[in-house]
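Structural characterization, general
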Amino acid sequence: MISKSSFSSLLKEDIKTKMWLVLVNVILLFLNFPVVMAIQVQNVAEHVRAGAYTKDQVVDILVYYIGGKNMATILLTLLMGCVAGVAQFGYLYHKNQVDFYHSLPIRRQKCFLIRFVNGMLMYFLPYILFCLMGIAVVCAFGYGQMAIIRAAFLGFLINMIGYLLCYATAILAVCLTGNLFSGICGIVTFQGYGILTALFARSMMSEYSETYMPEYGKLGQLCNFISPIGAYNQLSDVMNGDGSSSPLLWLLGCMIAAVLLTMISFWVYLNRKSESAGKSIAFEKSKGIIKVFLMVLILGCGTLFFRSMGYNATFIWSMIGFVITFVLAHIMVQIVFEMDVKAVKQGIKSALMSVIISIAIFGGFYVGGHYYDSYQIDWDKMEYAAVYLENYNGYDESYYDAEQGCYISCEEYIFKHMKVRDKDLIKNFTKDCIDSGKKEGELVSVNLKYTLKNGKEVYRAYKIEHNLIKDYILQLLDNKEYRIGTVQIFSINPEEVTQIKYYDEWSDYQYLNMSQEETTNLIETYKEEYLSATVDQLNQNAPVMSFILATKEDNMEWDLTTVYVYPSFEKTISMLESKGMEAKTMEDTNITEITVSWWKEIEDGVMEPLEVTYTEPEKIQQLKQLLSFAEYGYYTAFDCDYTLKQDYTIVLELEDEDRGISQQSAVFIKEIPEWLQEDLKNTEIQQEIEGTAQ
Amino acid sequence: MIEAAEISKSFGDIKAVDHISLTIREGNVFGLVGTNGAGKSTFMRMMAGVLCPDRGTILVDGIPVYESEEAKRKLFYISDDQFFLLNSTPKDMGCFYKTVYPEFDENKYLDCLEKFSMDAKRKIATFSKGMKKQLSILLGICAGTKYLLCDETFDGLDPVMRQGIKSLFVREMGDRGLTPVIASHNLRELEDICDHVGLLHKGGVLLSKDLLEMKCNIFKVQCVFNDSIMEYEAVTKLDVLKHERRGSLVTLTIRGDQEEIMHRIQSANPVFSEILPLSLEEIFISETEVVGYDIKKLIF
């Protein structure tokens, strides 16, 4: 057994031969920490002087750069981990180096340990040094907060585990291969295989299932468990508070994974034959297995790619893609494995095995997809559900989420906040959605999230027949839990609202002068009236007022939500009018002309504009009953004929004492009556006649 | 003593070494000779503990060499394509080997470098091929190991350097019992220095004998016979490895006892007969011709 002093001497001797790697690490980490921190502090100093940034905001920025979320540090760590793996164990690729090192009186275990430890030290030590320098720079500028030191420590932990994951993976790839080219291919494969597999699985599910929702599916998260990069990235997110997973579990899991990878690479190193130097794959017997893994993924991705090019004939394109990809993949893998073009005649067995497995996978997804689409949860186990109707939840695209401190989509908001507990309603709705999926015709997109009693969440994207959706919309609107889940005011803490503003008739911002108590009162009154309104009051009428709830954070104003006030909300209207706001209705407006225009398709892709104009007061009065101003008309609670709004453009000509003649847009909020349909049809015929005459 | 018992090694379908059994005694210079592809380098690498034999074991002073620090500390291996640490100088290599071989004599090393006019601080990457080989040998000698395995090391050395290295070997053998094992094609060089020769062919051992014994066992006889029948009778009773005739002059390569050979020849009443010792090269060619490695086919 070599003594400690000999061990440290060997470490020293090994590092002497890798000074270039030490230098590279030193330069990159020096730039990444003290230099970047100095630059950032200089940059924010300007903003701080101008009063644009508070000290806390500056600290947040610095925490990002020194902590574990910095993408530059993550990429650097990933890259240097791979480089270190090749640098430390790349001697296995050269016969003369293998002869040199393996003839020395040093056991392989020790040789591995020396190289492995050095590979870690060459990154760890400069990282610690320059991270401390970065903290020193920040302290020198007066930002020596505990938060920065904590972030630096956390960042060190995250990046070191990430480094170990990538480093051990690179060592494994080097030990399994026999030359640099194969080694690099191996590293790329090991790092990226998990990610590609997850993406492939997600794409397959999206391809073969009508109801799969990839953004909520678990398949995409596979890469966090089967890819070192995925795990590293997820560790960074989780440890910095993103996501719902337990940071401690992830930390332990990644550490265990890193240790396991190290042990596997150690075992492979010990059992690697010295004569493998120069060959493509070090373990002859592993060629078949590696080839199968590679070819199955390549076949899958290639087939999907070709399939995506076929609009109608997807099966034929899949077949073409499968054959082409098989030939190309087999040739490519054989050439890389044997470094010889003539080798394409070999490896037929493993190629055929790949074909069989690929067919099985495609078959599995085909069957699985159908089963997935027809699956219904156990209704007794349902806790609650959320329903998102695409194009029918006519609210703002972005909802401010106080927890995350950012804007999220309407769907995300609904899935987070809606808890409809009416099982029968959801069950019937789901059944009709599943049945509709088998039919052709006009279908409406519906996304559902079921939360079970055990906390499990199930997501489905359905399509339901247009004639069925109207009834369900009314049933949903009648459900208070549904209302609470769609309108953001229900999730806002009134204490957070610091401003209420609205657009005046000149489209300028005006602020309501309200105390906190009045604000809270307004919000509570609105909520009460919204929940107590009937379905018709919400569905048959457009809002007459709107105001914006805003908050102030770090000297900046953020809009939380726009609130729409319906005609039946008398108390709310009264409170707002007392503060100077005015309700806006069609009835109160002097409209002198209404022009309804639309586009007619005369040939494939060729559209022609048509329009009809009304000036008679009688007709205008009739139309007023059907219309709403565009700023409110899109926000009827439920629009049963969304297409109605989309197909027609309505321009109102208004006459006002103060503003003179002006124009405003409007939308239909009711079904088009027969006389109007006649008029529109006659206009089409007239246009055709005129067109023919010309 | 290095003992190899029934060693076999294959690389895929190629059988590089096939049931080789050899003993290398201490205090002797062992020459490993063989045809191209005979398995010399493979065998040397197994002896150095670089390759693991598929069958059999190689013991160094009774210890299996593969993955044994103790056994490897007794060996210094110089491969045919020697590797030096990146950007190193002879001094750096000396420092490195000192870490690995506890018996490495740094003073002797520096002294040798000076004697052989090698700059200890010059980058090895700037050395010629011969200088690198020279440096390898010096490192090997100064490592203080019991055995020195040299794979085609003498090729590339100039004659003066060769003599210098040989004299170093002799001194080390005398001083501390160094046992060099030299694999080479250069039979003339081996003849000067080797005590024992192992002849490999197609992965197997053709013969393994003391050089003196080998030379005393094969003779070249030139003779002229009057009577062809008597010539035939004499020749058939002998172990003739090679029979050449140029006119009347018959040249025979015969294995056997010198006295007996002469007796048989004389019994055929030759006009002329003369016995000549063979060089190692001639012995090599003769022995390999017997097993079908025909030199004449390779001469154009």
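Placed above this text is the structure.
Summary of the structure given here.

What follows covers the side chain of A:Asp14. Residue and element names in this part refer to chain A. Structurally, Asp14 can be placed in helix 1 (residues 4-16). Within the local environment of Asp14, its side chain forms a polar contact with the side chain of Asn118, the two groups lying 2.7 Å apart. If we skip the residues at most four places from it in the chain, Asp14 touches Gln88, Ile114, Arg115 and Asn118.

This next bit is on helix 1 (residues 40-47) of chain B. Residue and element names in this part refer to chain B. Counting buried positions over the eight residues of helix 1 gives seven, a clear majority of the element. For helix 1, the full list of buried residues reads Lys40, Thr42, Phe43, Met44, Arg45, Met46 and Met47. Just downstream of helix 1, Gly49 is the residue with a positive phi angle, here 85 degrees.

Ranked by internal contacts, the top residues of the largest apolar core, which has 161 residues, are B:Phe43, B:Tyr97 and B:Phe169. The element that contributes the greatest number of residues to this core is helix 7 (residues 146-176) of chain A, accounting for 19 residues. The contacts of B:Phe169, once residues within four sequence positions are left out, are B:Ile137, B:Ile141, B:Leu148, B:Cys150, B:Phe154, B:Pro180, B:Ile182 and B:Ile193. Formed by 38 residues, the second largest nonpolar core is a distinct cluster that contains A:Trp379, A:Leu448, A:Tyr459 and A:Ala461.

The interface of chain B with chain A comprises 26 residues on the first partner and 26 residues on the second. Across the interface of chain B and chain A, roughly 2500 Å² is buried in total on both sides, 57% from carbon and sulfur atoms. The largest contributions to the chain B side of the interface with chain A come from B:Glu67, B:Glu69 and B:Phe83, which together make up 28% of the buried area. Residue B:Glu67 is joined to A:Arg108 by a salt bridge in which the shortest nitrogen-to-oxygen separation is 4.0 Å. Looking at the side of chain B that touches chain A, the elements that each hand over two or more residues are strand 1 (2-11), helix 2 (69-72) and helix 3 (90-100) of chain B. Here the side of chain B that touches chain A gets six residues from one element, more than from any other, and that element is helix 3 of chain B. Looking at side-chain class alone, the side of chain B that touches chain A contains 15 nonpolar, three polar and eight charged residues.

All names here are of chain A. Within the secondary structure, Gln88 sits in helix 4 (residues 71-89). Here Gln88 falls in the buried class, since its relative accessible area comes to 0%. Only 3.4 Å separates the side chain of Gln88 from the side chain of Lys18, close enough to count as a polar contact.

This brings us to unusual backbone geometry. Located in the positive-phi region is B:Asn87, a residue other than glycine, with phi close to 60 degrees. Looking at where B:Asn87 falls in the secondary structure, it is placed in the loop between strand 6 (75-78) and helix 3.

On to the packing of helix 7 of chain A against helix 10 (residues 228-239) of chain A. Residue and element names in this part refer to chain A. Contact pair helix 7 / helix 10: the axes reach a minimum separation of 9 Å and the direction vectors enclose 170 degrees. The pairing of helix 7 with helix 10 is recorded here as roughly antiparallel in orientation. Side by side, helix 7 and helix 10 meet where Leu154, Leu157, Ile158, Asn159, Ile161, Gly162, Leu165, Cys166 and Thr169 of the first sit next to Pro228, Ala231, Tyr232, Leu235, Ser236 and Met239 of the second.

Turning next to a negative patch on the surface. A contiguous patch of negative charge, built from A:Glu505, A:Glu577, A:Glu582, A:Glu655, A:Asp656, A:Glu657 and A:Asp658, is present on the exposed surface. Residue placement: A:Asp658 occurs in the loop between strand 13 (648-656) and strand 14 (660-668).

The next subject is the pattern of salt bridges. Residue and element names in this part refer to chain A. Evaluation of the coordinates by the stated rule reveals 31 salt bridges over all chains. Between Lys18 and Asp14 there is a salt bridge, with its nearest N and O atoms 3.2 Å apart. Linking Asp237 and Lys69 is a salt bridge whose minimum nitrogen-to-oxygen distance equals 3.7 Å. Residue Asp237 is found in helix 10, and its partner Lys69 is found in the loop between helix 3 (55-66) and helix 4; the two are separated by 168 residues along the sequence. For Asp237, a relative accessible area of 22% gives the class partly exposed.

Residues and elements named next belong to chain B. Side chains Leu75 and Tyr77 project from strand 6 onto one buried face, and the interleaved Phe76 and Ile78 project onto a second face that is buried too. Bridge count for strand 6 against strand 7 (residues 147-151) is four bridges, and the pairing is parallel. Bridging from a neighbouring strand, Leu75 pairs with Tyr147 of strand 7.

This brings us to a nonpolar patch on the surface. A grouping of A:Trp20, A:Leu23, A:Val24, A:Ile27, A:Leu28, A:Phe30, A:Leu31, A:Leu129, A:Met133 and B:Leu86 is seen on the molecular surface, where their side chains present a nonpolar patch of about 860 Å² in accessible area. By residue number, the principal contributor to the nonpolar patch is helix 2 (residues 19-49) of chain A, which donates seven residues. Its location among the elements puts A:Phe30 in helix 2.

A few words on the environment of A:Glu529. All names here are of chain A. On the secondary structure map, Glu529 appears in helix 19 (residues 516-532). By relative accessible area, Glu529 is classed as buried at 11%. Once the C-alpha coordinates of Glu529 and Met133 are considered, the two residues, 396 residues apart in sequence, prove to be 59 Å apart. Setting aside residues no more than four positions away along its own chain, Glu529 makes contact with Ser568, Phe569, Glu570, Lys571 and Thr572. Of the polar contacts made by the side chain of Glu529, one reaches the backbone nitrogen of Glu570; its length is 3.2 Å.

Attention shifts here to the packing of aromatic side chains. All names here are of chain A. Applying the stated criterion across every chain yields a total of 51 aromatic pairs over all chains. Judged by centre distance (5.3 Å) and plane angle (45 degrees), the ring pair of Phe89 and Phe112 falls under tilted. One end of the pair, Phe89, is in helix 4; the other, Phe112, is in helix 6 (residues 108-140), with 23 residues separating them in the sequence. In terms of burial, Phe89 and Phe112 fall into one category: buried. For the cation-ring pair, Arg460 lies above Tyr372, with the distance from its terminal atom to the ring centre recorded as 3.5 Å.

Residue and element names in this part refer to chain A. Read from one edge of the open sheet, four strands run 7-6-8-9, paired in antiparallel fashion. Strands at the two margins of the open sheet, each flanked by one partner only, are strand 7 (509-511) and strand 9 (556-565). Neighbour to neighbour, the strand axes of the sheet diverge by 35 degrees on average, direction disregarded. Relative to strand 7, strand 6 (residues 499-503) runs antiparallel, the two sharing three bridges. Its bridge partner lying in strand 7, Tyr503 is registered against Tyr509.

We now examine helix 6 (residues 159-176) of chain B. All names here are of chain B. With 18 residues, helix 6 extends 26 Å between its outermost C-alpha atoms, agreeing within 8% with the 26 Å of an ideal straight helix rising 1.5 Å per residue. What helix 6 keeps buried is the set Met161, Arg162, Gly164, Ile165, Lys166, Leu168, Phe169, Glu172 and Met173. Where helix 6 is buried, its residues touch helix 4 (106-115), helix 5 (129-142), strand 7, strand 8 (179-183) and helix 7 (187-193). Positive phi appears at Gly177, one or two residues downstream of helix 6, with a value of about 75 degrees.

All names here are of chain B. Taken in spatial order, the six strands make up an open sheet running 6-7-8-3-9-10, and their pairing is mixed. Here the strands that pair on one side only, and so sit at the sheet edges, are strand 6 and strand 10 (204-210). Recorded for the sheet is a direction-independent mean angle of 15 degrees between the axes of neighbouring strands. Note that strand 3 (residues 30-34) and strand 9 (residues 196-201) share five bridges and pair parallel. Within strand 9, the residue paired with Leu32 across the bridge is Gly198.

Rules used throughout
Residues numbered from 1 in each chain as written. Chains lettered and ligands numbered in written order. Predicted model: local features only at pLDDT ≥ 70, side-chain atom pairs only at ≥ 80, totals over all residues. Heavy atoms only, no water. Helix = DSSP H or I, 4+ residues; strand = E, 2+ residues; numbered from the N terminus. Polar contact = N/O pair within 3.5 Å; in protein donor to acceptor, adjacent residues only side chain to side chain. Contact = heavy atoms within 4.5 Å. Buried < 20%, exposed > 50% of the residue type's maximum accessible area, 1.4 Å probe, protein only. Core = buried A, V, L, I, M, F, W, Y, C linked by side-chain atoms within 4.5 Å. Buried area = accessible area lost by both parts, 1.4 Å probe. Salt bridge = Lys/Arg side-chain N within 4 Å of Asp/Glu carboxyl O. Nonpolar A, V, L, I, M, F, W, Y, C, P; charged D, E, K, R; others polar. Axes fitted to C-alpha atoms, helices over the stretch in contact; angles between N-to-C directions. Parallel < 35°, antiparallel > 145°, perpendicular 65-115°, else oblique. Patch = residues over 30% accessible without salt bridge, like charges linked within 9 Å, V, L, I, M, F, W, Y side chains within 5 Å. Areas by Shrake-Rupley, 256 points an atom, 1.4 Å probe, with all protein chains shown as cover. Lys, Arg positive; Asp, Glu negative; His and termini not counted. Charge placed at Lys NZ, Arg CZ, Asp CG, Glu CD. Pairing = 2+ DSSP bridges. Phe/Tyr/Trp six-rings, centres within 6.5 Å; stacked < 30°, edge-to-face > 60°. Lys NZ or Arg CZ within 6 Å of the ring centre and 35° of its normal. Expected span 1.5 Å × (residues − 1).

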